[in-house]
Amino acid sequence: MDPEITRRTGLTAAALASATTAVGLPAAFAQGDPAQHRGDPAPRKESPSQRSARSAPSWSRGQPHRHPWDRKRSGRTLRDAVPQSVGLDAAVLQELPGIVRAGLEFDPPRFSGASVLVASQAGVAFEHADGYALRWRNASEQLPEDQWIPARTDTIYDLASISKIFTATAVLQLVEQGVLALDDTVASHLPTFATGGKEQVTVQHLITHTGGLPAFIDLYSAHPDVPSRIEAALTVPPDAPPGTAYVYSDLGLIALGLVVEKLSGQGLDEYVHEHITAPLGMADTMYNPPAPLRGRIAATEYEAYYEELVHGRVHDENAYSLGGVAGHAGVFSTARDLAVFGQMFLGGGRYGNARILQRQTVQEMYTDRIAEITGVGWARRGLGPELEAWFYHAGLTSPYSGTHTGFTGTSLVIDPLTDTIVIMLANSVHPTREWSSTSVTRREVSTCVAHALGVVPSALRGGWHAGGEDATIATLSAVAELPATGAGGGDSGGGPEHRTLGPHLRLDLFAHLETAYDVLAVEASTDQGTTWVPLAGTLEARHQEPVAIADGRITGWGRRERWDGTFPLVHGTEVMSGEVEVRLTLTTDRSTRGLGAWVGRIRVSDGSQDVLDTDRPADRDQVVAEGWMREG
């Protein structure tokens, strides 16, 4: 039926290197965020073009000399560790049980049970479980209490869409073997896929969700058997030309799972076991877990269509209708096993003596491919992993952070900048998906770990802080008197830069803000606050390239650096003089945030001396903080 597979060699590094640029052409803002698909519940966002921040500073320059995903220290295996020994503050980590408990006690509960694991520098520093793996009989009726099953750290959860990362790993193994290339058309391996004008859709298009496929179609109730469901998945008409839009789609991963089966001659479950989970010693990771494990498995949803509570088999209806094994869903695992999988990526594709992927492949896997398609503030994807996903990476977000969530309430976050893995496995659809999302708790967990890692520079933790809540506007302002000439007389130690720069504002600043949605505006007024002028300026830090702030608006991850910001006090060509009020306004949108902004020393210079300096107690007392908290 399908043409004979032609084995090719020499396509490993070359095939990957040829796909390092973003696919396709720029397009309108993507409609494929997981928020808009039944797969993974990210918060819905309006287009950044409708907001006050239409661009973001360029943080690309000044990144570490070696790419954070160039993992030269490979092969380390996980061990139990004291938090301090791996760079984590134990006292901060002890906030995690309260975060989980708050999710359980929310009305309605965000999940029934959860397991959380934190590992850094290959050391498992924190494990915790709370709630119940099984509690409900159906969407409105609880089981008798003696039948409730407590959640444990070794509870097995349905990973849902985290399964896509296992499929992506399998695909990239085949690329390394030379039997597949990222620029292969999918139809060259599955001819049926060409139906509907999909002849030019490539493997890379599907693995990055840019193949033009719809987000979802009903396979389980609209088609009578597995062959007809596969036929429907492969022949679905596209919604857009390949490479022109990002639409998060299960259908592309279903097709890739079938490609793996076609080229390997094995079922996807057999392939993943033989080539990924067994070599890694992930004994608790599998598709279709056997019945004896049911007591350790977290239940998910009461499904009215099947008139049963899902417990011990895959929750995703399409995956279940395909036999429980599909490229987009079906994998079950524990937090410990998933940590091994994450450590393999941090190990450059190697865990102990098991080599799963080549180091270069891992780096390519975690390099963004879709920024030119999605634009500022929207989704980022590597070859499978989600990148820079503020909606659950939260305080750990960077252009390099990955990996994925699952609709059932699961998430795996990997931060290569600190060698940290954060796992939260929960059954947020038990007993119904109509209750609340896990993402709020995911964000709080990630942000707690970021604070435990000391991501905010210690020198700024005693300054003013804002941005710790959604849907807020916080202002920090101070008034300074500048001479009418725009320059003062004499030099009181302000340094030669004062004498040449003219009047200016200087800030010690740390900013970690959801790109294009949470914005710190730097402004000044010379008419007692009637009108405000945005201040363009420059941020500088040691060993970093300067960052230009052309419109006085700061957003994005900020390279996790302490910045010295300099903002000339000018309006057009006019130098400001007289009474000048400077203001920092931090605006957060209604959902999702990073660590916020931290401001230490604030100085206003007239060009030769500081006329305001918050290191002086009297000047510090003049600062008016509304919504900003003074730490320490």
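Calculation rules
Starting from 1, residues in each chain are numbered consecutively following that chain's sequence as written. Selection of residues for local features in this predicted model requires a pLDDT of at least 70, selection of side-chain atom pairs for listing and counting requires 80 or more, and totals for whole chains, interfaces and linings are taken over all residues. Only hydrogens and water are removed before side-chain values are computed, so all heavy atoms of the structure are retained for them. Comment: elements are numbered from the N terminus, with helices defined as DSSP H or I runs of at least four residues and strands as E runs of at least two. Any two residues whose heavy atoms approach within 4.5 Å at even a single point are treated as in contact. Using a grid of 1 Å spacing that covers the protein atoms alone, one calls a set of points a cavity when a 1.4 Å probe fits there but cannot get out, and a pocket when the set is open and has protein on both sides within 12 Å along at least five of seven lines; lining residues are those with an atom within 4 Å of a point. Grid points are joined across faces, edges and corners, and a volume is the space filled by probe spheres set on the points. In this count, Pro and Cys sit with the nonpolar residues alongside Ala, Val, Leu, Ile, Met, Phe, Trp and Tyr, while Asp, Glu, Lys and Arg are called charged and the others, Gly among them, polar. When DSSP finds at least two bridges between two strands, those strands are taken to pair. Exposure classes here rest on a 1.4 Å probe applied to the protein chains alone. A residue is buried below 20% of its type maximum, exposed above 50%, and partly exposed in between. Stacked, tilted and edge-to-face are the three classes assigned to paired rings of Phe, Tyr and Trp, where Trp is represented by its six-membered ring and a pair needs centres within 6.5 Å; plane angles under 30 degrees give stacked, over 60 edge-to-face, the rest tilted. pLDDT gives the predictor's per-residue confidence on a scale running from 0 to 100. Salt bridges, as used here, are contacts in which a Lys or Arg side-chain nitrogen is within 4 Å of a carboxyl oxygen on Asp or Glu. To qualify as a nonpolar core, a set must consist of buried Ala, Val, Leu, Ile, Met, Phe, Trp, Tyr and Cys residues joined through side-chain atoms within 4.5 Å.

> Requested: an account of the environment of Leu535, with residues and values cited.
On the secondary structure map, Leu535 appears in the loop between strand S21 (533-534) and strand S22 (537-540). Through-space distance from the C-alpha of Leu535 to that of Leu505 is 9.0 Å; in sequence the pair is 30 residues apart. Setting aside residues up to four positions removed in sequence, Leu535 forms contacts with Leu505, Val522, Glu523, Ala524, Ile549, Asp551, Gly552, Phe567, Pro568, Leu569, Val570 and Met576.

> Tell me about empty space enclosed by the protein, and please be specific about residues and values.
All told, the structure shown has five cavities of 30 Å³ or more when counted by the stated rule. Lining the second largest cavity are Leu476, Ser477, Ala478, Leu505, Leu507, Val582, Arg583, Leu584, Ile602 and Val623. Here the lining of the second largest cavity is built from residues that sort into eight nonpolar, one polar and one charged.

> I'd like to hear about the pairing of strand S25 (residues 563-568), residue by residue, with values.
As judged from the six bridges shared by strand S19 (residues 504-512) and S25, these two strands associate in the antiparallel manner. Note on S25: the bridge partner recorded for Arg506 is Thr566. Pairing geometry for S22 and S25, over three bridges, is antiparallel. By the bridge assignment for S25, Leu539 is matched with Gly565.

> So, the environment of Ala548: which residues are in play, and what are the values?
Within the secondary structure, Ala548 sits in strand S23 (residues 547-549). What makes Ala548 exposed here is its relative accessible area of 53%. The spacing of Ala548 and Thr538 is 10 residues in sequence and 4.7 Å in space, taken between C-alpha atoms. Apart from residues no more than four positions distant in its own chain, Ala548 is found in contact with Pro57 and Gly537.

> So what's going on with the packing of aromatic side chains? Which residues, and what values?
Tallying each qualifying case throughout the model produces 13 aromatic pairs. Centroid distance Trp59 to Trp563: 5.6 Å. Interplanar angle 50°. Geometry classified as tilted. Here Trp563 lies in strand S25 and Trp59 lies in the loop between helix H1 (12-17) and strand S1 (79-80), a separation of 504 residues in the sequence. Taken as a pair, Trp59 and Trp563 share a single burial class, namely buried. A ring pair is formed by Tyr220 and Tyr305, whose centres lie 5.1 Å apart and whose planes are at 85°; its orientation type is edge-to-face. Of this pair, Tyr220 sits in the loop between helix H5 (203-207) and helix H6 (226-235) while Tyr305 sits in the loop between strand S7 (302-303) and strand S8 (308-309), placing them 85 residues apart in sequence. In this structure Tyr220 comes out as buried when scored by relative accessible area, which is 18%. Looking at Tyr305, the relative accessible area reads 48%, which means it is partly exposed.

> I'd love a proper account of the confidence of the model for the protein chain, names of residues and values included.
Close inspection of predicted coordinates is inappropriate for parts of the model with low pLDDT. Averaged over the protein chain, the pLDDT score is 90; the fraction of residues at 70 or greater is 88%. Contacts for the low-pLDDT stretch residues 1-41, under 50 throughout, to residues beyond four places or in other chains number 118 contacts. Overall, residues 49-54 carries pLDDT values under 50, and its contacts beyond four positions in sequence, including any with other chains, amount to 12 contacts.

> Which residues make up the pattern of salt bridges, and what values do they have?
Taken as a whole and judged by the stated rule, the model has 27 salt bridges. For Arg313, the salt bridge is made with Glu303, and the minimal N-O distance between the two is 3.4 Å. With a gap of 10 residues between them, Arg313 in the loop between S8 and helix H9 (317-321) and Glu303 in strand S7 connect regions that are remote in the sequence. Its relative accessible area of 12% is what places Arg313 among the buried residues. Where Arg381 meets Glu386, a salt bridge forms, and the shortest distance between an N and an O atom there is 3.7 Å.

> Provide a residue-level description of the nonpolar core, including the pertinent values.
Residues Phe345 and Trp628 are the most contacted members of the largest nonpolar core, which totals 126 residues. For this core, the element with the most residues is helix H7 (residues 250-264), which contributes nine residues. Contacts of Trp628, omitting those with residues within four sequence positions, involve Trp464, His465, Ala466, Ala474, Thr475, Leu476, Leu520, Leu584, Leu586, Ala597 and Val599. Val118, Ala125, Cys448 and Val455 belong to the second largest nonpolar core, which has 35 residues in total.

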